[in-house]
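Each chain, written out:
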Amino acid sequence: MSAFDPYIFHILVFSPIIASIFLMLIPVSDTGSKIAISRFFSVLILFILIETIIAYMKDSSILENKLSIHLFNLNIQVNLALNKYNVYMYTVTTVVLLFNTISYAIEDAKTNIHHVSPFILTFFLFISYGQYDLRIALPILSIANFLLYFLIGFNNEIRRGSTIFHMGIFIFFCDALALVLLQIPISLAYKNIILLSPGLTRMLIPMFAPFMKKFILNIDNKEGTFLTIFLQLSGWFILLLVKNSLSISTELIETISTISLIGAIYIATIATTDLRAKCFPHYFLIFYSSLAACILFFSGSDFYYSSLSLFITNIICFFGTARFSYDSHGTPTLTWFMALFLGLPGLGIGTSLWVLIYQFYSLVILRDGWTNFWITTTIGWVIALLLISAVIILSTKQHKEATEKVPKDFALISFLCLSLMSWLIPVALFYKHKGF
Amino acid sequence: MFTATDLSILILIVASILVLVLDAIGNQQSKALLEKPHIGLVAFGALYIALTIEILESLSTTTSDQILFNSKIGNIFLVVNSLIALSIMRNIAHQKPSGSYFLILSSLAISMFSISTDSLIFKFIASTGWMTLLTTLAVISTPGGKKAEIGLKFSFSALLLIIQFILLLSFLYYENLPLNISDINLTKTAELSQNLITIFIILSGMSLAGIPPFHSGFIDCFDGGNIGVAFLLLSNASIQGCSLLMDSKNLLNNSSLSTDKFNTLGLILVLGFILLWARALDQSKIRRTTAYIAASISPLFSMTLLFGSSILLPKPIFIIATYAFITLSLSALFSSLSHMTTINQPWQTWEELSGFGRMNPWQTLVFLVGLSSIAGIPGTFGYFIKLSLIAPMQENFLFSSAIFLSIAIGAACLMRVFVFVFAKHSHLEQSINLPKPSFWLIAVSFILVGLGFFPFVS
């Protein structure tokens, strides 16, 4: 054990805030320096993460830290823990931050807040990932949303005001309701679903996020990707915390499956009428997030890892696709990137999806048989996937005019990187746990 | 026995007389002397001495009596609030009337006496006296035509307070009961008398704290009056009113009335609280909306001290946290508004605030943090204060629903302001760039958010 190991986790958690302080010290107009510093820090955070993971693999007990404040007889503690659940969340957040700082060059000097927001949002995520209790993590994620509203409010989209108004009220409503219910030991019929609502809302699952369409249309093309991923990651983590604290019943699994299926069909339906290239990656993202959220609640750790694998692959594919759909506006490169989402075996999301299908068949169908519920659910998901894929294949062919050409070599390398990463994610997840 | 609080009160009374004399002399002198830095020095000096004495006294003595501890902490925060009010008033250069230092110091001495004394007669005299002095200050510091309205509404509130106290004292006299709160035992009196005595002491507390339906004077004072005076009125009225409500709790404990009466008190407070939030939602003017939101802190503060609890925090720390909440939230809200010189006039609407946050992000940040904290948005200090009410009152579903509703309405109010300040563009041709708020004000807003990260409530 190196001398650094006991502190490495603290360093990881607080490094984004240190990066923010450095970025704030640079004048707003000096975008070149800001880009350099943000790239430097995101690489540094990645190295710290690697060191943290190595320390965790050597001795997992050292990564349970308590931040304590002693004042008179008062002892306030904030626990931060690295465990098998959140280590993947830390990894994906760090990778997304790195991708974001490398791929997004700040072209104009808006405000300092725009420059530091990815780091501050990462810090909020890091702090909340370290928590076991939703009552502590949710307020932190809730207040972090203000940064999102600020960034959306500052862009030039027409309906930005109503977007943040509806989104803000709805998310605060869900958060407050869940937190109030956690204080009252009563058994309400839909208490579990209410507790899940902050997570489902953030994952933009349509039945819980009526603002979803407005949000997709009114986020800035360049900053929007990171904001959407922030919402997805925070939503997923909330679901995970709730899942770990609930006793999962068959009724709950069926309710969540139905909710997510309705959401997926809704997404596929609106995709048929909405042919904007900006929206395609979001529709796929929400579609697969719904599926991952549904699978998360299936009993057994195998489903946890396959759900996580699907979710992370989805996030990574979304990141690349969204960036290229914004830049290329429907050129053939967009079609390549969209192929990552189609669920083809061995390509993009298909690397995780087919594992999931195999597990579903071997662990659910072979055990319970093809009940009416599972037949209906499976058919529903297949129809939704076929519909959304068909619509997007047909409509990307119609978008021929590129406003901003992406260099072909660069696009090809990015595509290959994403394809490789979508292979690495399930391999890394299933290597140790042998989920199938 | 001469206590440290008596010494503080004496210092404040002497200082108030001294500033009155200096003020009178200053009015006869040249214009340069009218700046009166020496008067400010005496006033601030007296306040700092009083604060030091109170803090030292609180640290040196330990008490298990909750009422006594409350009054000690209350005294400290009364002085702190007066200091903040004076700082806010110094920002508003054109609204610094002659005699304001005297009125602030003397009203502070009276309010400290009011919450320290056990005698109901003295409480009656001190409360009405405090209200009269602060009404005078509110009226003389109001620049426009709202003077009459504020004076009239506060006179009406003071009249109601006097009537309620007289009725309370009459019933106590009729039942041959002592007039010291700690000596009153209602168990042997008739149930009707018990009910009437407790009702009138609760009503007195509510009118002193400005809890609905006795809130109109406070709203008008903030809407049209001096922001510093409004801060002083609201914060110190809440502390004094809550002290009377704590006395009513004591009386209820020493009576044969059922504990349901206590829940009824909670319900009255929470209804007033919701009423203020509902009114805040339909206002178009900046000052008026903020006034309703700020006034909602008074019932919240009373409810927290009466019913709130925290498993994770020792009771004394929880009480200090509750007092700190009212001071920090109100100071963030009122101080930031006093800095927003271009949009803090009573007639200005939210439309005029469009794009303000884009030009002045720091002022807007502090203002929004103050609002969020009072609204109890998750992730702020106010959220834990609201949550501390739910667990002890969990059997009362209506109460929990009302707390949740207040957070939901608060979120709506906040998002409305947020859209105006950040999502809209300014209608003005020239951008307004105000100086950054002070370091302390920014620190206060960070404390309000930072404390929202620490779980005070299990």
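For the structure itself, consult the block above.
A short tour of the structure in this document, coming up. The model shown is predicted, which means the values in this text are computed figures rather than measured ones.

Tallying secondary structure elements over chain B gives 18 helices and zero strands in all. The C-alpha atoms of chain B give a radius of gyration of 22 Å, which matches the 23 Å a tight globule of 458 residues would have. Viewed in the frame of its principal axes, chain B has a C-alpha envelope of about 70 × 55 × 45 Å. For chain B, the proportion of its 458 residues judged to be buried stands at 62%.

Our next topic: the side chain of Q240(B). Residues and elements named next belong to chain B. Topologically, Q240 is positioned in helix α9 (residues 227–253). What makes Q240 buried here is its relative accessible area of 1%. Not counting chain neighbours up to four residues away, the residues in contact with Q240 comprise S111, S114, I115, W130 and L208.

Here we take up the packing of helix α5 (residues 134–154) of chain A against helix α6 (residues 160–183) of chain A. Residue and element names in this part refer to chain A. The contact between α5 and α6 brings their axes to 10 Å, and the two run at 175°. Taken together, the axes of α5 and α6 are roughly antiparallel relative to one another. On α6, the residues that touch L134, R135, L138, P139, S142, N145, F146, L148, Y149, I152 and G153 of α5 are R160, I164, M167, G168, I171, F172, D175, A178, L179, L182 and Q183. In terms of residue class, the contact of α5 with α6 is made up of 14 nonpolar, five polar and three charged.

In this section: the environment of I17(A). All names here are of chain A. With respect to the element layout, I17 can be found in helix α1 (residues 5–25). Residue I17 is classed as partly exposed on the basis of its relative accessible area, which comes to 26%. Remark: the alpha-carbon pair of I17 and F119, spanning 102 residues in sequence, is separated by 6.6 Å.

What follows covers the interface of chain B and chain A. How big an interface is tends to be stated in terms of accessible area lost as the parts join. On the chain A side, the residues contacting the 38 residues of chain B number 36 residues. Both faces considered, chain B and chain A share a buried interface measuring about 3,300 Å² in area, 82% of it formed by carbon and sulfur atoms. Its largest share of buried area at the contact with chain A, chain B owes to F404(B), M415(B) and F453(B), together 20% of the area lost on that side. At the surface where chain B touches chain A, the tally comes to zero salt bridges. Counting across the interface, chain B meets chain A through three residue pairs in polar contact (both at pLDDT 80 or more). At the level of elements, α16 (381–390) and α17 (397–423) of chain B are the ones that each hand at least two residues to the side of chain B that touches chain A. With 14 residues, the top contributor of residues to the side of chain B that touches chain A is α17(B). Along the lines of polarity and charge, the residues of the side of chain B that touches chain A split into 27 nonpolar, eight polar and three charged.

Before going further, it helps to spend a moment on helix α2 (residues 31–58) of chain A. Over its 28 residues, α2(A) runs 40 Å from end to end, which matches the ideal 40 Å to within 8%, given 1.5 Å per residue. If you check which residues of α2(A) are buried, you get T31(A), K34(A), I35(A), S38(A), F41(A), S42(A), I45(A), I48(A), L49(A), T52(A), A55(A) and Y56(A).

Now for unusual backbone geometry. Following P212(B), the chain continues into P213(B) via a peptide bond in cis, with omega recorded as 10°. Tracing the backbone through its elements, the reader meets P213(B) in the loop between α7 (191–209) and α8 (216–224). A positive phi angle is found at L204(A), which is not glycine, with a value near 60°. By secondary structure assignment, the location of L204(A) is in the loop between α7 (191–202) and α8 (212–217). According to the relative accessible area criterion, L204(A) is buried, its value standing at 0%. Notably, N176(B) is not glycine yet its phi reads approximately 55°, a positive angle. On the secondary structure map, N176(B) appears in the loop between α6 (147–174) and α7.

Owing to its 3.6 residues per turn, the α-helix brings residues three or four apart onto one side. Helix length check: helix α13 (residues 315–339) of chain B (25 residues) gives 36 Å between terminal C-alpha atoms against 36 Å at 1.5 Å per residue, within 8%. With 20 of 25 residues buried, α13(B) is to be regarded as a mostly interior element.

Residues and elements named next belong to chain A. The geometry of α2 relative to helix α4 (residues 112–129) is characterised by a closest axis approach of 11 Å and an angle of 10° between their N-to-C directions. On the basis of the axis angle, α2 is roughly parallel to α4. Viewed along their axes, α2 and α4 form a crossing whose handedness is left-handed. Residues K34, S38, F41, S42 and I45 of α2 form the contact with α4, whose participating residues are N112, H115, F119 and F126. The class makeup of the residues in the contact of α2 with α4 is four nonpolar, four polar and one charged.

We now examine the pattern of salt bridges. Residue and element names in this part refer to chain B. Evaluation of the coordinates by the stated rule reveals eight salt bridges over all chains. Between D220 and K153 there is a salt bridge whose closest N-O contact spans 2.4 Å. Taken together, the residues span a long stretch of sequence, with D220 in helix α8 and K153 in helix α6 at a distance of 67 residues. In this structure D220 comes out as buried when scored by relative accessible area, which is 0%. In this structure K153 comes out as partly exposed when scored by relative accessible area, which is 25%. R288 is paired through a salt bridge with D223; the nearest N and O atoms lie 2.7 Å apart.

Our focus in this paragraph is the packing of aromatic side chains. Throughout the structure, instances matching the rule amount to 47 aromatic pairs over all chains. Ring geometry for F287(A) and W381(A): centres 5.5 Å apart, planes at 75°, overall edge-to-face. One end of the pair, F287(A), is in helix α11 (residues 280–296); the other, W381(A), is in helix α15 (residues 372–398), and 94 residues separate them in sequence. Per residue, the accessibility class of F287(A) equals that of W381(A), and both read buried. Here a set of aromatic residues connected by ring pairs shows up, and it is made of F146(A), Y149(A), F150(A), F154(A), F172(A), F418(B) and F422(B). Cation over ring: R287(B) sits above F222(B), and NZ or CZ is 5.5 Å from the ring centre. Positioned above the aromatic ring of F154(A), the side-chain terminus of R358(B) is 4.5 Å from the ring centre.

Before going further, it helps to examine the layout of surface pockets. In this structure, the second largest pocket occupies an estimated 1,400 Å³ of space. What lines the second largest pocket is a set of 39 residues, among which I120(A), F124(A), L147(A), L365(B) and F446(B) lie closest to the centre. Of all elements in the fold, only α1, β1 (64–71), α4 and α5 of chain A together with α14 (356–359), α15 (361–375), α17 and α18 (439–450) of chain B reach the threshold of two or more residues within the lining of the second largest pocket. Grouping the constituent residues of the lining of the second largest pocket by class yields 31 nonpolar, seven polar and one charged.

Rules and cut-offs
Residues numbered from 1 in each chain as written. Chains lettered and ligands numbered in written order. Predicted model: local features only at pLDDT ≥ 70, side-chain atom pairs only at ≥ 80, totals over all residues. Heavy atoms only, no water. Helix = DSSP H or I, 4+ residues; strand = E, 2+ residues; numbered from the N terminus. Rg over C-alpha atoms; globule rule 2.2 N^0.38 Å. Buried < 20%, exposed > 50% of the residue type's maximum accessible area, 1.4 Å probe, protein only. Contact = heavy atoms within 4.5 Å. Axes fitted to C-alpha atoms, helices over the stretch in contact; angles between N-to-C directions. Parallel < 35°, antiparallel > 145°, perpendicular 65-115°, else oblique. Nonpolar A, V, L, I, M, F, W, Y, C, P; charged D, E, K, R; others polar. Buried area = accessible area lost by both parts, 1.4 Å probe. Salt bridge = Lys/Arg side-chain N within 4 Å of Asp/Glu carboxyl O. Polar contact = N/O pair within 3.5 Å; in protein donor to acceptor, adjacent residues only side chain to side chain. Expected span 1.5 Å × (residues − 1). Left-handed = near helix turned anticlockwise from the far one by under 90°. Phe/Tyr/Trp six-rings, centres within 6.5 Å; stacked < 30°, edge-to-face > 60°. Lys NZ or Arg CZ within 6 Å of the ring centre and 35° of its normal. 1 Å grid on protein atoms, 1.4 Å probe; cavity = no way out; pocket = protein on both sides within 12 Å on 5 of 7 lines; lining within 4 Å. Points joined across faces, edges and corners; volume = space filled by probe spheres on them.

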